[in-house]
Amino acid sequence: MRWLAVFGAVILCCVSARADQGGAWVGHLLSLPVPESVTLCGEPVPVDREDVLERLDMELVVALGNPVSTAMWFKRSPRYFPAIEQAIRDRGLPDDLKYVALVESNLRADAVSSAGATGPWQFMAGTGSAYGLDRSTWRDDRRDWEQATGAALDHLKDLWEHFRSWPAVLAAYNAGKARVSRAMEAQGGTDYYGLRLPRETERYVFRIIAAKLLLENPAAYGIRLEGARRYGPEELAEATIEVRRQGIPVAAVAQAAGVSYRRFLELNPSILGPEVPSGTHRIRVPAPAEVAFTRGLAQWERANPEPRTVYYEVRPGDTLSAIARRHGVQLADLLTWNDLTPRSIIRPGQALAVHTVD
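Predicted, not measured: the structure shown is a model, and the values here were computed from it. (Residues numbered from 1 in each chain as written. Predicted model: local features only at pLDDT ≥ 70, side-chain atom pairs only at ≥ 80, totals over all residues. Heavy atoms only, no water.)

Student: Hey, could you run me through the pattern of salt bridges in this one?
Tutor: Note that side chains of opposite charge can pair when their charged atoms are close. Within the structure shown, the criterion is met by 24 salt bridges. Between Glu234 and Arg263 there is a salt bridge, with its nearest N and O atoms 2.2 Å apart. Placement of Glu234 in the loop between α9 (199-216) and β3 (236-249) and of Arg263 in helix α11 (residues 261-267) is noted, with a sequence separation of 29 residues between them. The exposure class of Glu234 is partly exposed, given its relative accessible area of 30%. In this structure, Arg326 and Asp318 form a salt bridge, with 3.3 Å as the shortest nitrogen-oxygen distance. Using a relative accessible area of 44% as the deciding quantity, one classes Arg326 as partly exposed. The buried category is assigned to Asp318, whose relative accessible area is 15%. Beyond isolated ion pairs, a larger network of salt bridges with shared partners links Arg139, Asp141, Asp144, Glu146, Glu238, Arg282 and Arg284. (Salt bridge = Lys/Arg side-chain N within 4 Å of Asp/Glu carboxyl O. Helix = DSSP H or I, 4+ residues; strand = E, 2+ residues; numbered from the N terminus. Buried < 20%, exposed > 50% of the residue type's maximum accessible area, 1.4 Å probe, protein only.)

Student: What am I meant to see in empty space enclosed by the protein here?
Tutor: It is a probe the size of a water molecule, rolled over the atoms, that shows where empty space is left. Enumeration over the complete set of coordinates arrives at one cavity of 30 Å³ or more. Its volume calculated, the largest cavity comes out at about 30 Å³. What lines the largest cavity is Arg139, Asp144, Asn268, Ser270, Ile271, Arg282, Ile283 and Arg284. Residues that form the lining of the largest cavity fall into these classes: two nonpolar, two polar and four charged. (1 Å grid on protein atoms, 1.4 Å probe; cavity = no way out; pocket = protein on both sides within 12 Å on 5 of 7 lines; lining within 4 Å. Points joined across faces, edges and corners; volume = space filled by probe spheres on them. Nonpolar A, V, L, I, M, F, W, Y, C, P; charged D, E, K, R; others polar.)

Student: Looking at this model, I keep getting lost on the nonpolar core. Mind explaining?
Tutor: One broad rule of soluble globular proteins: the nonpolar side chains tend to lie buried together. Within the largest apolar cluster, 65 residues are counted, with the highest numbers of intra-cluster contacts made by Leu40, Leu97, Trp121, Leu170, Tyr173, Ile209 and Leu214. Among the elements of the structure, β1 (38-40), α2 (50-65), α3 (67-91), α4 (98-105), α6 (145-163), α7 (166-175), α8 (177-187) and α9 are those that each provide at least two residues to this core. Apart from residues no more than four positions distant in its own chain, Leu214 is found in contact with Leu60, Ala63, Leu64, Thr70, Trp73, Phe74, Tyr221 and Ile223. In this structure, Ile248, Val259, Ile283 and Trp300 belong to the second largest nonpolar core, which totals 21 residues. (Core = buried A, V, L, I, M, F, W, Y, C linked by side-chain atoms within 4.5 Å. Contact = heavy atoms within 4.5 Å.)

Student: Just checking my understanding: could you explain α3 for this structure?
Tutor: For the α-helix, the turn length of 3.6 residues means that residues three or four positions removed from each other point alike. Spanning 25 residues, α3 covers 33 Å between terminal C-alpha atoms, matching the ideal 36 Å at 1.5 Å per step. Taking the largest bend as the criterion, α3 deviates by roughly 55°, centred on Ser77, and proline Pro78 comes between one and four positions later. Within α3, the full set of buried residues consists of Ser69, Thr70, Trp73, Phe74, Arg76, Ser77, Phe81, Ile84, Glu85, Ala87 and Ile88. Those residues of α3 hidden inside the fold are in contact with α2, α4, α6 and α9. The positive-phi residue at the C-terminal boundary of α3 is Gly92, with phi of around 70°. (Expected span 1.5 Å × (residues − 1). Bend = angle between axes of the 7 residues up to and from the residue.)

Student: Any chance you could explain the packing of α2 against α3 here in plain terms?
Tutor: To describe two helices that pack against each other, one gives the angle between their axes and the distance between the axes. The N-to-C vectors of α2 and α3 enclose an angle of 90°; their axes lie 5 Å apart at closest approach. With respect to their mutual orientation, α2 and α3 come out roughly perpendicular. Here Ala63, Leu64 and Gly65 of α2 lie close against α3, whose contacting residues are Pro67, Thr70 and Trp73. Its residues assigned to classes, the contact of α2 with α3 comprises four nonpolar, two polar and no charged. (Axes fitted to C-alpha atoms, helices over the stretch in contact; angles between N-to-C directions. Parallel < 35°, antiparallel > 145°, perpendicular 65-115°, else oblique.)

Student: Would you mind going over the packing of aromatic side chains with me for this structure?
Tutor: Aromatic rings considered in pairs are described by the distance between their centres and by the relative angle of their planes. Throughout the structure, instances matching the rule amount to six aromatic pairs. When the centroid spacing of 5.2 Å and the interplanar angle of 75° are considered together, the rings of Tyr192 and Tyr193 count as edge-to-face. Each member of the pair, Tyr192 as well as Tyr193, carries the same accessibility label: buried. Exposure remark for Tyr192: the relative accessible area of 2% places this residue in the buried category. Feature note: the residues Tyr192, Tyr193 and Phe206 constitute an aromatic cluster, connected by ring pairs. (Phe/Tyr/Trp six-rings, centres within 6.5 Å; stacked < 30°, edge-to-face > 60°.)

Student: Where do I start with the environment of Pro82 in this structure?
Tutor: By the element assignment, Pro82 lies in helix α3. Each C-alpha atom of the pair Pro82 and Arg143 lies 18 Å from the other, and the pair is 61 residues apart in sequence. Those residues within four positions of Pro82 in sequence are excluded, and the remaining contacts are Ser77 and Pro233.

Student: Before we go on, may I ask you to explain unusual backbone geometry in this structure?
Tutor: It is generally the case that most residues other than glycine have a negative phi and that most peptide bonds are trans. For Asn106, which is not glycine, the phi torsion reads 60° and is therefore positive. With respect to the helices and strands, the residue Asn106 is situated in the loop between α4 and α5 (125-130). With phi around 60°, Leu107 is a residue other than glycine that occupies positive phi space. Within the element layout of this structure, Leu107 appears in the loop between α4 and α5.

Student: I keep staring at α8 and nothing clicks. Help me out?
Tutor: Restricting attention to buried positions, one finds in α8 the residues Val180, Ala183 and Met184. In a view along the axis of α8, the buried residues occupy a sector of 100°, so they form one face of it. Along α8, exposed side chains directed more than 90 degrees from the buried face belong to Arg182, Glu185 and Ala186. Just beyond α8, the residue with positive phi is Gly188, at close to 65°. (Arc of directions from axis to C-beta.)

In structure tokens form, the structure reads like this:
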């Protein structure tokens with residue numbers, strides 16, 4: 001039974017070690033530093049007020065208590081922040097607004113909330129449409145980094161024109177302009193930090209402040225970046241393609257770009273459907289593939305002429321399988337084109353659509 005004693009001793013040591021580590025981590029969370037002077041978008045955060053300090057302290061604890069999410073902030077921010085920062089400078093807005101996208105989506109273009117907010121800046125459909133972010137069966141501009149960033153900054157600028165206070169602007173971005181305005185009117189105040197708002201909105205601005213503190217001074221919070229694997233900006237090119245046919249499969253466009261289907265959708269997250277429809281479209285591809293992309297897409301189109309639709313009038317004695325054989329198409333395709341099933345009855349004189357390639 002000696003092995004049981006040894007095994008028990010090992011388990012006890014492991015538990016004790018984990019307890020010590022856990023205790024040390026809790027101790028760390030209990031003493032997180034908050035600078036005496038904190039600003040958000042150039043406005044002072046009143047950390048000298050006990051309630052404000054506690055709310056900010058809680059969000060710091062929550063962020064560090066979720067190390068996976070916070071680690072991804074550090075990994076992704078070098079890739080996406082430079083373009084966001086440039087768009088912010090172009091509009092003359094505060095640099096701190098970049099942390100909105102960080103908190104909203106963890107810098108993920110494919111983020112979707114339970115309420116249906118979508119994209120890196122988490123636009124609801126109505127607000128997105130109001131700022132020119134179109135949706136269709138094949139595309140959702142709310143997922144496009146460039147378009148969504150521009151729309152979000154325009155929206156924030158419009159909110160600034162109304163509230164003239166950045167914490168209130170950010171609260172309105174989260175809860176809606178009308179809700180924050182009503183709260184101000186009902187409660188007789190315009191100071192975000194003193195307003196009673198929905199709990200999510202009360203925490204929202206503090207999450208942004210906490211994210212700013214962590215990313216601007218990680219060492220103060222025990223975060224070491226030496227040797228960290230972080231994702232840098234990608235060297236991409238934007239190609240304009242003119243689709244003159246009904247559509248081109250996304251798989252064919254990805255192949256022309258020299259990337260996998262999955263990778264292509266990472267570069268073009270707004271694309272939803274299996275085809276790029278007719279029209280003029282901007283496509284992002286790896287910069288080294290820009291020249292070959294246009295040439296490869298043209299080669300695919302030459303090798304895959306667009307099917308021509310003809311209408312066949314059913315004759316007495318015809319069957320669906322016989323019609324498919326006569327036109328050299330698959331029965332399954334014929335059924336799909338005409339919204340039929342294998343058991344569907346066809347009658348003389350009925351017109352059936354058949355897609356053929358000359």
